[in-house]
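Listed here are the chains, written in short residue letters.
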Number of protein chains: 2
Amino acid sequence: MGKLLIHNAQVFSVSKAGDRADIQPEQDVLINGQRIEAVQPSGSADPSHFDTVIDAKGMLVMPGLINCHAHVPMVLWRGLAEDASVERWFNDLMWPLENNLQPEDVYWGMLLGLIEQIESGVTAVADHYFHMTYAAQAVEKIGARALLGYAMFGSQGLSMVEETARFAADYNGAANGRIRTIMAPHAPYTCDDDFLRASATAAQKLGIGVHIHVSETTQQTVASLRKRGITPIQVLEQTGILELPTILAHVCGATPADIRLMEKYPVGIAHAVKTYLKLGQPTAPIVEFAAAGLPIGLASDGVVSNSTLNLWETLRLMALTQKERTGLGETMPISQALAIAAHGGSQVYGQPNDLGAVEPGYLADLILIDLSGTHHQPLHNIPMSLVYNLQPPDVRTVIIDGQVVMRDHQLLTIDKAEVFAQVRSRMEHLSYLEPSKRIQTYDN
Amino acid sequence: MGKLLIHNAQVFSVSKAGDRADIQPEQDVLINGQRIEAVQPSGSADPSHFDTVIDAKGMLVMPGLINCHAHVPMVLWRGLAEDASVERWFNDLMWPLENNLQPEDVYWGMLLGLIEQIESGVTAVADHYFHMTYAAQAVEKIGARALLGYAMFGSQGLSMVEETARFAADYNGAANGRIRTIMAPHAPYTCDDDFLRASATAAQKLGIGVHIHVSETTQQTVASLRKRGITPIQVLEQTGILELPTILAHVCGATPADIRLMEKYPVGIAHAVKTYLKLGQPTAPIVEFAAAGLPIGLASDGVVSNSTLNLWETLRLMALTQKERTGLGETMPISQALAIAAHGGSQVYGQPNDLGAVEPGYLADLILIDLSGTHHQPLHNIPMSLVYNLQPPDVRTVIIDGQVVMRDHQLLTIDKAEVFAQVRSRMEHLSYLEPSKRIQTYDN
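This is a predicted model, so every value here is computed, not measured.

A few points about the overall build of chain A
Okay, step 1: Check the secondary structure of chain A and you find 15 helices and 17 strands.
Okay, step 2: The C-alpha radius of gyration of chain A comes to 21 Å, within 12% of the 22 Å expected for a compact globule of 444 residues.
Okay, step 3: The principal-axis extent of the C-alpha atoms belonging to chain A is close to 65 × 50 × 40 Å.
Okay, step 4: The buried share among the 444 residues of chain A stands at 62%.
Okay, step 5: Nonlocal contacts in chain A, meaning residues at least 24 apart in sequence, comprise 75% of its contacts between residues at least 6 apart.

Quick notes on the pairing of strand β11 (residues 246–250) of chain A
Residue and element names in this part refer to chain A.
Okay, step 1: With five of its five residues buried, β11 lies for the most part within the structure.
Okay, step 2: Bridge analysis of strand β10 (residues 210–214) against β11 gives five bridges, and the strand direction is parallel. Within β11, the residue paired with Val210 across the bridge is Thr246.
Okay, step 3: Taken together, the four bridges between β11 and strand β12 (residues 267–271) define a ladder with parallel strand orientation. Within the sheet, the bridge partner assigned to Ile247 lies in β12 and is Gly268.
Okay, step 4: Each parallel crossover has a hand, and for β11 linked through helix α8 (residues 256–262) to β12 it is right-handed.

Description of the packing of helix α4 (residues 159–171) of chain B against helix α5 (residues 193–206) of chain B
All names here are of chain B.
Okay, step 1: Where α4 meets α5, the closest approach of the two axes is 10 Å, and the angle between their N-to-C directions is 25°. In this view, α4 runs roughly parallel relative to α5, as classed from their interaxial angle. With respect to the hand of their crossing, α4 and α5 are arranged in right-handed fashion. Judged by residue contacts, Val161, Ala165, Ala168 and Ala169 of α4 engage Phe195, Ala198, Ser199, Ala202 and Leu206 from α5.

Remarks on the interface of chain A and chain B
Okay, step 1: Taken residue by residue, the interface counts 53 residues in chain A and 52 residues in chain B.
Okay, step 2: Per-element accounting of the side of chain A that touches chain B gives the leading share, five residues, to helix α12 (residues 311–326) of chain A.
Okay, step 3: Residues of the side of chain A that touches chain B, tallied by class, amount to 22 nonpolar, 20 polar and 11 charged.

With respect to the relation of the copies chain A and chain B
Okay, step 1: Mapping chain A onto chain B calls for a rotation angle of 180° and an axial translation of 0.0 Å; the resulting RMSD is 0.0 Å. The superposition of one copy onto the other is thereby described by a two-fold rotation axis. Relative to the rotation axis, the C-alpha of Gln391(A) is the closest in chain A, positioned 3.4 Å from it.
Okay, step 2: Residue by residue, 98% of the interface of chain A is reproduced at the interface of chain B, so both copies engage with the same surface.

Section: the packing of helix α2 (residues 103–119) of chain B against helix α15 (residues 416–430) of chain B
Residues and elements named next belong to chain B.
Okay, step 1: Between α2 and α15, the shortest axis-to-axis distance is 9 Å and the interhelical angle comes to 130°. When the interaxial angle is binned, α2 and α15 end up oblique. In this structure, α2 crosses over α15, and the sense of that crossing is left-handed. From α2, Asp105, Trp108, Gly109, Leu111, Leu112 and Ile115 reach across to α15, where they touch Lys416, Val419, Gln422, Val423, Arg426 and Leu430.

As for unusual backbone geometry
Okay, step 1: Following Gln377(A), the chain continues into Pro378(A) via a peptide bond in cis, with omega recorded as -15°.
Okay, step 2: With respect to the helices and strands, the residue Pro378(A) is situated in the loop between β14 (366–370) and α14 (382–388).
Okay, step 3: At Glu26(A), a residue that is not glycine, the phi angle is positive and equals roughly 50°.
Okay, step 4: Following the sequence through the fold, Glu26(A) ends up in strand β2 (residues 21–32).
Okay, step 5: Unlike most non-glycine residues, Asp401(B) shows phi in positive territory, near 55°.

Topic: helix α13 (residues 334–349) of chain A
All names here are of chain A.
Okay, step 1: Its 16 residues place the ends of α13 22 Å apart at the C-alpha level, agreeing with the 22 Å of an ideal helix rising 1.5 Å per residue.
Okay, step 2: At Ile340, α13 is bent by approximately 35°, the largest bend along its length.
Okay, step 3: Along α13, 15 of the 16 residues are buried, which leaves the element largely enclosed by surrounding structure.
Okay, step 4: Following α13 by one or two positions, Gly350 has its phi on the positive side, about 95°.

Here's the deal with the domain arrangement of chain A
All names here are of chain A.
Okay, step 1: In terms of domains, chain A is made up of domain 1 (3–62 + 357–411) and domain 2 (65–349).
Okay, step 2: Relative to domain 2, the C-alpha centre of domain 1 lies at a distance of 28 Å.
Okay, step 3: Of all the secondary structure elements, the ones that give two or more residues to the side of domain 1 that touches domain 2 are α14, β15 (395–400) and β16 (403–407).
Okay, step 4: If one sorts the elements of the side of domain 1 that touches domain 2 by residue count, α14 sits on top with five residues.
Okay, step 5: Residue composition of the side of domain 1 that touches domain 2, by class: 17 nonpolar, three polar and five charged.

Regarding the confidence of the model for chain A
Okay, step 1: In the predicted model, chain A carries a mean pLDDT of 96, and 100% of its residues have values of at least 70.
Okay, step 2: Interface scoring of the predicted complex returns ipTM 0.97; its pTM is 0.97.

Observations concerning the environment of Phe420(B)
Okay, step 1: Its place among the elements puts Phe420(B) in helix α15.
Okay, step 2: The sequence separation of Phe420(B) and Trp108(B) amounts to 312 residues, and the corresponding C-alpha distance is 8.6 Å.

Quick word on α5(B)
Residue and element names in this part refer to chain B.
Okay, step 1: The end-to-end C-alpha distance of α5 is 20 Å, a good match for the 20 Å that 14 residues give at a rise of 1.5 Å each.
Okay, step 2: Buried within α5 are the following residues: Phe195, Leu196, Ala198, Ser199, Ala200, Ala202 and Ala203.
Okay, step 3: Packing partners of the buried residues in α5 comprise α4, β9 (179–185) and β10 (210–214).
Okay, step 4: Trailing α5 by a residue or two, Gly207 shows a phi angle of about 70°, which is positive.

Describing the pairing of strand β12 (residues 267–271) of chain B
Residue and element names in this part refer to chain B.
Okay, step 1: Most of β12 is tucked away, with five of its five residues classed as buried.
Okay, step 2: Residues of β12 alternate between two faces, with Val267, Ile269 and His271 on one and Gly268 and Ala270 on the opposite face, all of them buried.
Okay, step 3: Note that β12 and strand β13 (residues 296–298) share three bridges and pair parallel. The residue bridging Ala270 from the neighbouring strand is Gly297, located in β13.

So, the environment of Ile142(A)
Residues and elements named next belong to chain A.
Okay, step 1: Residue position: Ile142 is located in helix α3 (residues 132–142).
Okay, step 2: Taking the C-alpha atoms as reference, Ile142 lies 24 Å from Gly361; in sequence the two are 219 residues apart.
Okay, step 3: Among residues more than four places away in sequence, those in contact with Ile142 are Leu111, Leu114, Val405, Thr413 and Ile414.

Thoughts on the nonpolar core
Okay, step 1: Membership of the largest hydrophobic core comes to 324 residues, with the highest contact counts inside it found for Val61(A), Leu111(A), Val61(B) and Leu111(B).
Okay, step 2: The contact partners of Leu111(B), leaving out residues within four places of it in the chain, are Ala138(B), Ile142(B), Ile414(B) and Val419(B).

A closer look at the environment of Asp443(A)
Residue and element names in this part refer to chain A.
Okay, step 1: Position of Asp443 relative to the elements: it lies in the segment after α15 (416–430).
Okay, step 2: A tally of 10 C-beta atoms within 10 Å means that Asp443 is categorised as exposed.
Okay, step 3: Spatially, the C-alpha atoms of Asp443 and Phe90 are 9.5 Å apart, while their sequence positions differ by 353 residues.

What counts as what
- Residues numbered from 1 in each chain as written.
- Chains lettered and ligands numbered in written order.
- Predicted model: local features only at pLDDT ≥ 70, side-chain atom pairs only at ≥ 80, totals over all residues.
- Helix = DSSP H or I, 4+ residues; strand = E, 2+ residues; numbered from the N terminus.
- Rg over C-alpha atoms; globule rule 2.2 N^0.38 Å.
- Buried ≥ 20, exposed ≤ 12 C-beta atoms within 10 Å, placed from the backbone.
- Contact = placed C-beta atoms within 7 Å.
- Pairing = 2+ DSSP bridges.
- Right-handed = clockwise from strand over helix to strand, strands pointing away.
- Axes fitted to C-alpha atoms, helices over the stretch in contact; angles between N-to-C directions.
- Parallel < 35°, antiparallel > 145°, perpendicular 65-115°, else oblique.
- Left-handed = near helix turned anticlockwise from the far one by under 90°.
- Nonpolar A, V, L, I, M, F, W, Y, C, P; charged D, E, K, R; others polar.
- Least-squares fit on C-alpha atoms with pLDDT ≥ 70 in both.
- Expected span 1.5 Å × (residues − 1).
- Bend = angle between axes of the 7 residues up to and from the residue.
- Domains from an automatic or database assignment.
- pLDDT = per-residue confidence, 0-100.
- Core = buried A, V, L, I, M, F, W, Y, C linked by C-beta atoms within 7 Å.

Structure below.
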């Protein structure tokens, strides 16, 4: 790590309110250890005082994107569950495929997905998956930042809450603080109330939060109302989950009353719009969430539904679909979309004062973007280009926790060819499909 | 040109019905002059018989994408009309900005946009714009394929029909056949019936088609019904336009009766879904168009609304939004989306037997795609990757009319730096904005 100077960059900023996005030209960003020490006009820092100097002429520096809800290792099955309904996706494809999963697959799948994330400028991820000690090793190895939740279903019994809580206790603060942990019950429709209550209690004891799927579709909300007279969000309130810092994944089926309820609690929403569209589902009421002051962060969900871990696509689709669903081109202006990407993400992720800004005191999770591509020309409006034009290969250099993990498209912490080869060698056993053998059954 | 061998490629094909997309490994594609001569197993052709040999190991060869409705030179104003309603977009932004347009701007803007297209694998474009002799020069220079329509408004008077027909007559078949022409009245809401009739008559005399905006929004359909009791599509029928091979841009406001009407005529639909979403408008009923057997092609519209000329994004958004609007993940399966990109595009463009397939006899408008990127791994499902994962820089090499115009990302027919510099020097005069000075007024 040591001292790092990013020289002569354009520095991006966006207001927390989302009303202003700015680009400050000719700036130096001074990094000392994990954190940004100063942002000042170019030329005022002496390069000889730094261990590493990156010439950023013509490039934009912005905070790395934060993926607020993913199942990164599912990248292993990319393309194996296409053109399907939610029911078929779970019961005939994904949950039978996951029956093949071996612990070591998680290590290599996590690495492959983290490479895809780093290459596209995603520096942190709230991951919700299985065999998470293997995922943690991958995060540590590649130098990424992650908030790891060991996924569990109610059918696994309450001992699973204890087991995953042990993981959470062991790994919180690991990798020099780059890893934090979170309790990860799957969803109200796969976990009964006692299981959810036990998860909340475990999280509270550990001083951590909860990461859970909820109200993924309107059908789930309707089914919950029919079965027990309350919405899935109300279930989370009654079981104590909402009192904790909680990442609510999706919430597409939120009712207006759910929104008023969520406002009272320290929760944030992870939004993975590409997945909703691919499954033929209406997107979430993001405009209403934002109006209620709920924190919103971008998410990829798993690659088996989302196809990629490219969060620029989520950002773009979020803005486009909110314009469409409100019937107003003025909805979700560029600066608001960028505020969600930066500050919304850091808030949902639980580190609002550490991540999401290029400012002194923040952690140095930064990406350098090359705006010289034809698709950005002429550069009348750089914030527009970030939301509507950016292609992942425009991300040239990535810094996480003060460490350069990719420089000029070259990964510095991992042997990409080895990861590709390992994943390829696992394709056959992973893609075996016997629909009757599934890890769970989906029934709202 | 001469003889070109693409050696050891994976060759993409998709059925016209859209029910099957296939990848054939280890193929050689033999090109003689403008056309594909043979597609045969690798190793059976002698490389010494060819002027140029491209090693395509690990790459996919597919037909170049066809942009069925664009205003390419509008790339000059990228980012200058954001977060706006349709009315404000036209009246306060786009049409005042176009008041600044000088003929030579069209040449440089067209070149910039054609570079963006080539770099992202778009080999042909149906362009609808002004000062089209300048656009034609740019197409000729860079080696692209284009169907050029000289845009006109009814307010310019019937002499404009004659003037643009002269352009159409002069340039049809230019650039060794790479340029075709088409009559281009702007829209039923900016051209009166006499003007539309005169446009149809001119097209018929020249043996060419018509390219027109129609029913861009449901509001336009409603306004037409209110003002004159018929839909914009019916206006085109009554004025003789539909009898010609016609590119109908957008048609988001088509009624079920419009669809039954369009079925009877040799028309095709150009679909530019990103633009609709950005302007907060519902997308077009593509599923219904497809069920009626109407040809559908991908389109970018102008960059001022669409932000980019990246047709992979249109392809992806088309599939995603049709799934969402029908509420079915099964809607618009991957093979159907790819059939629209390939065969739908060539049909709407008017060259269904020349373009859209890697087969003997077809014109050699081909792109080579590198699938080695992390975002494609592991390669369980290449057709899925084309629709849902592809990033434009995955396009490595582009061939148009048998000529290699980009090889390994290097443009061979144009000095990109000069084009960028010319466009930059025009940014100031082009971005001057005085809303009262506009080329037209939008009122449905």
